[in-house]
Amino acid sequence: MFTLTSHSTLKRKGQYMKIGIVIHTVSGHTLKFAQAIREALAQKGHEVDLTGLKVIGTPRIGFLPGGGGQFNIKSPPELDEFDIVLIGAPVWGFKPSPVITRYLQEDIGNLKGKKALSFVTMGSFGGKRAVRMMDAELESAGADMLEGEALAYFIRANKEKMAAAVNRICERTGA
């Protein structure tokens with residue numbers, strides 16, 4: 001796994017939002033999507049932090065024996081300082097990865113008054129369902145939900161589809 005904390009800022013007229021992006025990735029597809037989102041939001045003048053969850057142990061697809069696997073999330077990030085929170089994950093077995101699911105259920109805390117948006121990468125199916133599942137967890141934490149996004153990522157992302165998805169996310173966040 002990896003830990004990536006990145007900070008990009010471009011101030012425009014002194015107005016910007018502080019946006020936190022938290023992801024889980026294994027193949028790197030979700031990371032590439034998150035980096036594209038981060039760069040687009042930073043270009044629009046916002047402060048954006050991108051953090052990848054670091055896992056100790058072995059997560060598994062939830063319907064396999066052993067449930068979601070035996071793992072812990074090392075140093076889950078706090079979200080208090082952000083105006084908007086974006087949560088990204090790959091789709092595993094028609095659900096968000098068990099790592100992001102555990103993070104949402106156990107580590108995010110109270111998001112009352114914060115906007116939140118879920119996004120996923122997927123091989124073929126399950127993206128809308130995974131986004132709905134993530135949205136439900138964020139909403140139960142008190143977040144004001146923005147419409148999420150699912151990006152099909154067969155072998156590699158279609159650049160035009162990724163750019164369109166990034167633009168939709170920017171519009172939904174008000175960036």
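1. Brief notes about the pairing of strand β3 (residues 47-52)
Here is step 1: In terms of residue burial, β3 counts as a mostly covered element, since 6 of its 6 residues are buried.
Here is step 2: Here β3 shows two buried faces, one formed by E47, D49 and T51 and the other by V48, L50 and G52.
Here is step 3: Of the pairings in the sheet, the one linking strand β2 (residues 18-23) to β3 comprises 6 bridges and is parallel in character. Counted as the bridge partner of I19 is V48 from β3.
Here is step 4: Considered for its hand, the β-α-β crossover made up of β2, helix α1 (residues 29-43) and β3 is right-handed.

2. With respect to a positive patch on the surface
Here is step 1: Judged by side-chain charge, K95, K128, R129 and R132 come together as a positively charged surface patch.
Here is step 2: When residues in the positive patch are grouped by element, the largest group, 3 residues, is from helix α3 (residues 127-140).
Here is step 3: What makes K128 exposed here is its relative accessible area of 69%.

3. Structural notes on the packing of α1 against helix α4 (residues 159-173)
Here is step 1: The geometry of α1 relative to α4 is characterised by a closest axis approach of 10 Å and an angle of 50 degrees between their N-to-C directions. Relative to α4, the element α1 lies oblique. Between α1 and α4 lies a crossing whose hand is right-handed. Judged by residue contacts, K32, F33, A36, I37, A40 and L41 of α1 engage M162, A165, V166, I169, C170 and T173 from α4.
Here is step 2: Of the residues contributing to the contact of α1 with α4, the split by class is 10 nonpolar, 1 polar and 1 charged.

Reading guide: rules and limits
- Residues numbered from 1 in each chain as written.
- Predicted model: local features only at pLDDT ≥ 70, side-chain atom pairs only at ≥ 80, totals over all residues.
- Heavy atoms only, no water.
- Buried < 20%, exposed > 50% of the residue type's maximum accessible area, 1.4 Å probe, protein only.
- Helix = DSSP H or I, 4+ residues; strand = E, 2+ residues; numbered from the N terminus.
- Pairing = 2+ DSSP bridges.
- Right-handed = clockwise from strand over helix to strand, strands pointing away.
- Patch = residues over 30% accessible without salt bridge, like charges linked within 9 Å, V, L, I, M, F, W, Y side chains within 5 Å.
- Areas by Shrake-Rupley, 256 points an atom, 1.4 Å probe, with all protein chains shown as cover.
- Salt bridge = Lys/Arg side-chain N within 4 Å of Asp/Glu carboxyl O.
- Lys, Arg positive; Asp, Glu negative; His and termini not counted.
- Charge placed at Lys NZ, Arg CZ, Asp CG, Glu CD.
- Axes fitted to C-alpha atoms, helices over the stretch in contact; angles between N-to-C directions.
- Parallel < 35°, antiparallel > 145°, perpendicular 65-115°, else oblique.
- Left-handed = near helix turned anticlockwise from the far one by under 90°.
- Contact = heavy atoms within 4.5 Å.
- Nonpolar A, V, L, I, M, F, W, Y, C, P; charged D, E, K, R; others polar.

So, to be careful, I would describe these as geometric facts and stop short of saying anything about function.
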